[in-house]
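# Summary of the model geometry
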Number of protein chains: 2
Amino acid sequence: MSFADRIRHCNSYDPARAMPLWAGGHRVGWLRRDNAEVLARHRDVFAIDRDSARLLATGGADTVSRAVDEVVEALVADRLVPKWRNETFDVAPRWGEPPIFRLDRGAVPFFGVRAYGVHLNGYRRDGDRYSLWIGKRASNKQVAPGKLDNMVAGGIGNGYGAAATLAKEAEEEAAIPAALIARAVPAGGLTYRMETKPGIRDDVMFVYDLEVPDDFTPTNGDGEIAGFELMPLSLILERIRTTNDFKFNVNLVILDFAVRHGVLRPDDPEYLDVANGLHRPLD
Amino acid sequence: MSFADRIRHCNSYDPARAMPLWAGGHRVGWLRRDNAEVLARHRDVFAIDRDSARLLATGGADTVSRAVDEVVEALVADRLVPKWRNETFDVAPRWGEPPIFRLDRGAVPFFGVRAYGVHLNGYRRDGDRYSLWIGKRASNKQVAPGKLDNMVAGGIGNGYGAAATLAKEAEEEAAIPAALIARAVPAGGLTYRMETKPGIRDDVMFVYDLEVPDDFTPTNGDGEIAGFELMPLSLILERIRTTNDFKFNVNLVILDFAVRHGVLRPDDPEYLDVANGLHRPLD
């Protein structure tokens, strides 16, 4: 395994296995062909052609969301969508634009809708040596149970921005006080597109760095993290290269941290594939 | 003009106007079609088909370079390549691999060969407020005369690595002592592909950050920079948005600095297009 393999693993999307999903003149999802066949049964809400799918429901976000929700309800009943998460994501033409509709988080990969999240690198620094606070995901998490994770991470739900999501998750997941998380520095956006069992993850991760004071120890409040450990970045990178211990997309967040802080360096032959591979075009 | 427009300006490459240039089984350049027609005259060195071009010369890098040089000599005589720069760039299948041949820097865009450079953000920081040392390019520079530039920037010539190029250019361009430039932190690689008069620029910029002490003032030693000025980043960003004062690719380096240091922030609707647009796939 190389670092670049970790990035490839998160970019397993194969365009030949999917078709665009259109809504109101905008491409809003990538629908795997087997999922498109399922949607073809709901011909009052979706029109499925040979190479594209179209959402027929029109109107305000509330109206369209209700029409899509009825389909999602059927998908849940057929166990094609894992379960309701009771947390909705905005589906908009682009980041920062008003949503066309809202979609239950559990159904996002089925439709291949772009999802946005925040990831926090909580670090300590001693000269050029960095350590990161790493969380271990609870064993009952739906995605990547038991895997290692960033200090804080979470999806951007309907109505929240990136900064508000970070503050909320920082408090719930790691008991980081508002005054401390306010010092987190946004440092970019990473992108990948991955085929998973339910469909396609088309993800944007907004990354933040926070220098954590020596006297602060994160503690989990919502049961999603089993525990935290402060690990030297050099050992983390070794585990990223040689094990599957970290959640698939957390590998990318930490590689980006290592690139931005000069821990990986340009004269390494693998450097450019890593630095560039973390950014998939937003097509 | 928006920030994203600056990025689009550097990505004006249109695949319909070019064809791949192959050497030893590797795609090593993007040849504009009018340039391919010119190369067709040199049928002992290049084979030009309808949709691709192939370097026929084989052997070690010295042998292949000599064959290509003879063609470049003819191109210079025909004023299709501006002039010899007497500085050669390695042409390799990928970053970090041994070169197939070496090419005079002046001929690089004619062949659309990938070129690598280093760019240094020399900054001072006062809390959340950054200032950057900005150079003004000499009026006799071949590319972008009189435009504003990073504190240090330069192409990676044959036989140099990124770190060695940075140290050399830092000394020549800004009289930065070795002990100071050694503190520069590599922070990523930016990519763009742009059609210019002579051909196609397929560029990789390795970016470095250096916190410059208050008592250091850069001075130019090689005549390539007319002068330096310390400018607040907020004003620089305003000029990037509203003027053409900065060299085309320097806009990208500074936008990346602003993204990495949290000066641009995710909840800005333009953020994602900027953060993502600085990284074109290495195809």
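Now for a description of the structure that goes with this document.

Definitions and limits used
Residues numbered from 1 in each chain as written. Chains lettered and ligands numbered in written order. Predicted model: local features only at pLDDT ≥ 70, side-chain atom pairs only at ≥ 80, totals over all residues. Heavy atoms only, no water. Contact = heavy atoms within 4.5 Å. Buried area = accessible area lost by both parts, 1.4 Å probe. Salt bridge = Lys/Arg side-chain N within 4 Å of Asp/Glu carboxyl O. Pairing = 2+ DSSP bridges. Helix = DSSP H or I, 4+ residues; strand = E, 2+ residues; numbered from the N terminus. Axes fitted to C-alpha atoms, helices over the stretch in contact; angles between N-to-C directions. Buried < 20%, exposed > 50% of the residue type's maximum accessible area, 1.4 Å probe, protein only.

This next bit is on the interface of chain A and chain B. Facing the 36 residues of chain A at the interface are 36 residues of chain B. Approximately 2700 Å² of surface area, both sides summed, lies buried where chain A meets chain B, with 59% of it carried by carbon and sulfur atoms. For the pair chain A and chain B, the number of links is 2 salt bridges. Between Arg 94 of chain B and Asp 273 of chain A there is a salt bridge, with the nearest N and O atoms lying 2.4 Å from each other.

As a further point, take the sheet that holds strand S3 (residues 46-48) of chain A. Strand pairing in a sheet takes place through backbone hydrogen bonds and is either antiparallel or parallel in direction. All names here are of chain A. A sheet is described by the order of its strands in space; here 4 strands give the open sequence S2-S1-S4-S3, paired in mixed fashion. Both outer strands of the open sheet, strand S2 (26-32) and S3, are each paired with one neighbouring strand and no more. Sheet twist, expressed as the average angle between the axes of neighbouring strands with direction ignored, equals 25 degrees. Where strand S1 (residues 18-23) lies against strand S4 (residues 53-55), 2 bridges are found, and the strand directions are parallel. Following the sheet pairing, Trp 22 is matched in S4 by Arg 54.

A few words now on unusual backbone geometry. One non-glycine residue, Arg 79 of chain A, lies in positive phi territory at about 60 degrees. Along the chain, the position of Arg 79 of chain A falls in the loop between helix H3 (61-77) and strand S5 (88-91). Of note, the phi angle at Ala 175 of chain B is positive, near 55 degrees, even though the residue is not glycine. The topology assignment puts Ala 175 of chain B in the loop between helix H5 (162-174) and helix H6 (178-181). Ala 175 of chain B sits in the partly exposed class, given a relative accessible area of 36%.

This paragraph deals with the pattern of salt bridges. Under the definition given, this model contains 46 salt bridges over all chains. Asp 78 of chain A is the salt-bridge partner of Arg 41 of chain A, the closest N and O atoms lying 3.7 Å from each other. A residue pair is termed long-range when its members are at least 10 positions apart, and Arg 41 of chain A in the loop between helix H2 (33-39) and S3 and Asp 78 of chain A in the loop between H3 and S5 qualify at 37 residues. Residue classification places Arg 41 of chain A among the exposed residues on the basis of a relative accessible area of 58%. Since its relative accessible area comes to 43%, Asp 78 of chain A is described here as partly exposed. Note that Arg 193 of chain B is salt-bridged to Asp 283 of chain B, the shortest N-O span being 2.8 Å. Of the two residues, Arg 193 of chain B sits in strand S11 (residues 185-195) while Asp 283 of chain B sits in the segment after helix H9 (271-277), which places them 90 residues apart along the sequence. Linked through salt bridges whose partners overlap, the residues forming this network are Arg 17, Arg 32, Asp 34 and Glu 195 of chain A.

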